[in-house]
Amino acid sequence: MTTDVLSRAPATTATAVARLRTLLQGRVIAPNDAGYDEARTVFYGGIDRRPALIVRARDARDVSTVVSAASDGGLELAVRSGGHSIAGFGVSDGGIVLDLSRMKALDIDVERRRAWAETGLTAGEYTTAAGVHGLATGFGDTGSVGIGGITLGGGIGYLVRKHGLTIDDVLAAEIVTADAKLLYVDARRHPDLFWAIRGGGGNFGVVTRFKFRLHEVDRILGGTLILPATREIIASFAAAAEAAPEELSTIASVMKAPPLPALPTEAHGKLVIIARMVYAGDVGAGERAIAPFRRLAKPVADMVKPMRYAELYEPDAGRHPVASIHTMFVDTIDGAAAQTIIDHLHTSTAKMAAVEIRVLGGAMARVSADATAFAHRGSRIMVNIAAMYERPDEAVVHQSWADTVADALRQGDAGAYVGFLRDEGAVRVREAYPGATWERLVAIKNRYDPVNLFRLNHNIPPG
Ligand SMILES: Cc1cc2nc3c(=O)[nH]c(=O)nc-3n(C[C@H](O)[C@H](O)[C@H](O)COP(=O)(O)OP(=O)(O)OC[C@H]3O[C@@H](n4cnc5c(N)ncnc54)[C@H](O)[C@@H]3O)c2cc1C
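Once a new chain begins, its residue numbering starts again from 1 and follows that chain's sequence as written. For this predicted model, a pLDDT threshold of at least 70 governs which residues receive local features, and a threshold of 80 or more governs which side-chain atom pairs are given and counted, while totals over whole chains, interfaces and linings are taken from all residues. Heavy atoms from the whole structure form the basis of all side-chain values; hydrogens and water molecules are not counted.

### As for the overall build of the chain
- Secondary structure elements are taken from DSSP: a helix is a run of H or I of four residues or more, a strand is a run of E of two residues or more, and numbering for both begins at the N terminus. From N to C terminus, the chain includes 14 helices and 19 strands.
- Counting only C-alpha atoms, the chain reaches 65 × 50 × 40 Å along its principal axes.
- Only the protein chains shown count as cover for residues, and all accessible areas are computed by the Shrake-Rupley method using a 1.4 Å probe. As presented, the chain carries roughly 18,400 Å² of accessible surface, and 52% of it is formed by carbon and sulfur atoms.
- The distance from the centre of the 51 positive side-chain charges to the centre of the 52 negative ones in the chain is 2 Å. Asp and Glu count as negative and Lys and Arg as positive, but His and the ends of the chain are not part of the count. Working definition for charges: the position is that of NZ of Lys, CZ of Arg, CG of Asp or CD of Glu.

Below, the structure is given as structure tokens:
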């Protein structure tokens with residue numbers, strides 16, 4: 001397909017845009033069009049980029065046309081599914097945004113427990129639709145995250161210990177590569193590309209849809225347990241989460257209690273553990289698995305109850321602050337690490353500061369480290385240090401705080417999860433893709449994207 005319709009020369013842009021409009025089913029939004037500002041806005045605040053064009057693709061053919069246009073015009077291409085990239089890679093300055101959010105087809109085969117899902121779906125939309133059949137594929141903790149970005153990075157969520165990463169349930173995908181061709185990839189067809197897109201991010205093309213495995217996950221025991229956060233309770237919580245059956249996955253944030261009506265006023269502003277718990281199995285067994293956590297202290301609030309899995313995802317709250325984040329893996333949260341967390345949380349000047357602890361293991365760890373491009377199968381605990389605030393000009397202070405906490409917590413594991421990386425440079429990307437994983441990814445990049453068209457991401461440049 002020839003779509004040499006865009007070039008960097010401004011004089012030709014208007015004609016080029018008009019021509020592109022005739023080629024596409026989806027909407028093309030240029031800087032002077034109504035809705036441009038809304039269309040260039042991504043999840044986190046403080047990301048203010050002005051693309052030359054935003055295309056809301058309707059189908060794989062549109063995707064292919066946009067890939068050609070960006071390639072022929074030498075323009076930067078931002079690929080966006082749910083827009084939650086912490087690095088802000090979902091929007092380009094001066095380039096084209098390929099917005100997939102109108103591509104939401106979902107075809108569920110209940111009998112075979114398979115689903116073909118277009119990548120404009122969010123985790124919440126997919127989970128709600130699958131939940132009608134008592135089925136689920138594991139994504140992350142937030143419903144508004146796009147299935148495109150989370151799946152390509154790995155996907156660590158409420159089912160990680162029971163069913164593994166999101167990519168462990170990817171059976172096939174359709175992907176438009178840099179030459180604008182749509183490829184079907186699975187374990188037999190283009191197995192190298194199939195390996196790379198399970199953890200290697202958006203480096204290899206635009207995935208238009210994934211084929212997922214679904215699990216029977218219907219009634220669960222889940223919800224939020226809030227405990228006071230002392231050194232002993234934080235360390236004991238982490239130990240209990242490691243000792244728990246694999247059905248139980250936990251995401252525990254240590255932070256000052258927000259002034260929510262659900263919390264007693266005397267707890268407001270005190271350090272607490274806000275733990276989201278999911279026992280994906282028999283509710284009675286779940287009660288037994290959660291009992292040791294409830295015994296750690298008198299809960300500040302206990303909202304863990306039998307529910308349907310899809311109910312875990314709450315509606316998106318709307319406006320989002322600026323975020324400074326540092327992601328890392330550690331081997332243990334012992335008393336000393338817990339004390340470090342407490343001490344540093346008291347020093348943050350951000351509106352909200354949290355240290356999130358996700359104990360891993362279980363099904364995720366049983367897949368070999370070289371089976372997919374996600375290499376951190378042996379990592380025991382993911383820690384995300386986050387500060388949220390309103391003014392982008394405070395970023396230096398809060399990022400420095402998050403990095404200092406990370407330095408203080410650092411143990412032996414030098415890896416990083418790509419899904420929570422900011423735009424932190426090549427060294428951190430290498431931490432996400434260590435050793436042989438990197439070599440293999442570069443070789444596949446050379447083959448499928450030798451000119452690095454897909455570079456607005458945690459980039460694996462051709463070598
Ligand atoms: C509030 C919040 C909660 C989160 N919770 C979790 C969690 O629990 N577990 C977890 O694992 N991660 C989590 N993440 C991280 C999240 O998985 C990544 O930020 C992910 O990249 C977001 O995906 P997206 O599609 O929403 O973002 P986007 O900004 O749309 O995409 C991110 C990047 O992915 C690539 N991309 C997206 N779609 C495609 C596609 N179809 N084809 C090719 N490339 C594509 C592009 O390079 C793009 O820049 C969270 C992030 C946020 C902001």
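### Regarding the packing of aromatic side chains
- Ring pairs shown here join Phe, Tyr and Trp side chains whose ring centres sit within 6.5 Å, with only the six-membered ring taken for Trp; geometry is labelled stacked below 30 degrees between planes, edge-to-face above 60, and tilted in between. Taken as a whole and judged by the stated rule, the model has ten aromatic pairs.
- Relative to Tyr-417, the ring of Phe-374 lies with its centre 6.0 Å away and its plane at 65°, an arrangement referred to as edge-to-face. Linking Phe-374 in the loop between helix 11 (363-366) and strand 19 (381-389) with Tyr-417 in the loop between helix 12 (395-409) and helix 13 (426-432), this pair joins segments that are 43 residues apart in sequence. Per residue, the accessibility class of Phe-374 equals that of Tyr-417, and both read buried.
- With a centroid separation of 5.7 Å and an interplanar angle of 70°, the aromatic rings of Tyr-417 and Phe-420 are classed as edge-to-face. Neither residue differs from the other here; Tyr-417 and Phe-420 are each classed as buried.
- Three or more aromatic residues joined by ring pairs make a cluster, and in this case those are Tyr-126, Phe-139, Phe-210 and Phe-212.
- A cation over an aromatic ring shows up here: Arg-198 above the ring of Phe-194, its NZ or CZ 3.8 Å from the ring centre. When accessible area is computed with a 1.4 Å probe and restricted to protein chains, residues below 20% of their type maximum are described as buried, those above 50% as exposed, and intermediate ones as partly exposed. Put simply, a charge is over a ring when the Lys NZ or the Arg CZ is close to the ring centre, within 6 Å, and near the line of the ring normal, within 35 degrees.

### Description of the sheet that holds strand 5 (residues 106-109)
- The criterion for strand pairing is that DSSP finds at least two bridges linking the strands in question. The antiparallel open sheet is built from five strands, whose spatial order is 5-6-10-8-9. Whereas interior strands pair on both sides, the edge strands pair on one side only; in this sheet they are strand 5 and strand 9 (182-186). With direction set aside, neighbouring strand axes in the sheet form an average angle of 15°.
- Inspection of the sheet shows strand 5 paired to strand 6 (residues 114-118) by four bridges, in the antiparallel sense. In the strand pairing of strand 6, Leu-106 is matched with Ala-117.
- Throughout, a residue-residue contact means that at least one pair of heavy atoms, one from each residue, lies within 4.5 Å. Between N-to-C directions, angles cover 0 to 180 degrees, with each direction set by a line fitted to C-alpha atoms, over the stretch in contact for helices. Those strands touched by helix 4 (residues 123-131) are strand 5, strand 6 and strand 10 (206-213), and its axis lies near 35° from that of strand 5.

### As for the sheet that holds strand 2 (residues 53-56)
- Read across the open sheet, the four strands follow the order 1-2-4-3; overall the sheet is mixed. Of all strands in the sheet, those with a lone pairing partner are strand 1 (27-29) and strand 3 (77-80), marking the two edges. Taken over all neighbouring pairs, the strand axes of this sheet differ in orientation by 20° on average, direction set aside.
- With three bridges joining them, strand 1 and strand 2 adopt antiparallel strand pairing. Each residue of the ladder has a partner; that of Arg-27, found in strand 2, is Arg-56.
- Along the sheet face, helix 3 (residues 60-73) touches strand 2, strand 3 and strand 4 (96-99) and points at about 165° away from the line of strand 4.

### Details of the site of the ligand
- Contacts to the ligand come from 33 residues, most closely from Ser-81, Gly-83, Asp-141, Ile-156 and Tyr-417.
- As used in this structure description, the phrase polar contact means that two N or O atoms lie within 3.5 Å; if the pair is within protein, one of them must be able to donate a hydrogen and the other to accept it, and residues adjacent in sequence are counted only when both atoms belong to side chains. Contact between the ligand and Ser-81: an oxygen atom at 2.6 Å from a main-chain N or O atom of the residue.
- Interatomic distance of 2.9 Å between a side-chain N/O atom of Arg-358 and an oxygen atom of the ligand.
- With the chains in place, 94% of the 950 Å² that the ligand exposes on its own is no longer accessible. A single heavy atom is enough: if one lies within 4 Å of a molecule or strand, its residue is considered near that molecule or strand.

### Things to note about the pattern of salt bridges
- We define a salt bridge as a side-chain nitrogen of Lys or Arg found within 4 Å of a carboxyl oxygen belonging to Asp or Glu. Here the structure, examined in full by the defined rule, presents 32 salt bridges.
- With a shortest N-O distance of 2.9 Å, Lys-104 and Glu-125 are connected by a salt bridge. With Lys-104 in the loop between strand 4 and strand 5 and Glu-125 in helix 4, the pair connects residues that are 21 residues apart, well separated along the chain.
- By relative accessible area, Lys-104 is classed as partly exposed at 34%.
- The shortest N-O distance in the salt bridge between Asp-218 and Arg-308 comes to 3.0 Å. Taken together, the positions of Asp-218 in the loop between strand 11 (215-216) and strand 12 (219-228) and Arg-308 in strand 16 (residues 305-308) put the pair 90 residues apart, joining distant regions of the chain.
- Among the residues examined, Asp-218 registers a relative accessible area of 26% and is labelled partly exposed.
- With relative accessibility at 38%, the residue Arg-308 sits in the partly exposed group.
- Here the salt bridges share partners, and the residues they tie into one network are Glu-38, Arg-56, Arg-80 and Asp-99.

Fair warning: the whole summary comes from geometry, so function is off the table for now.
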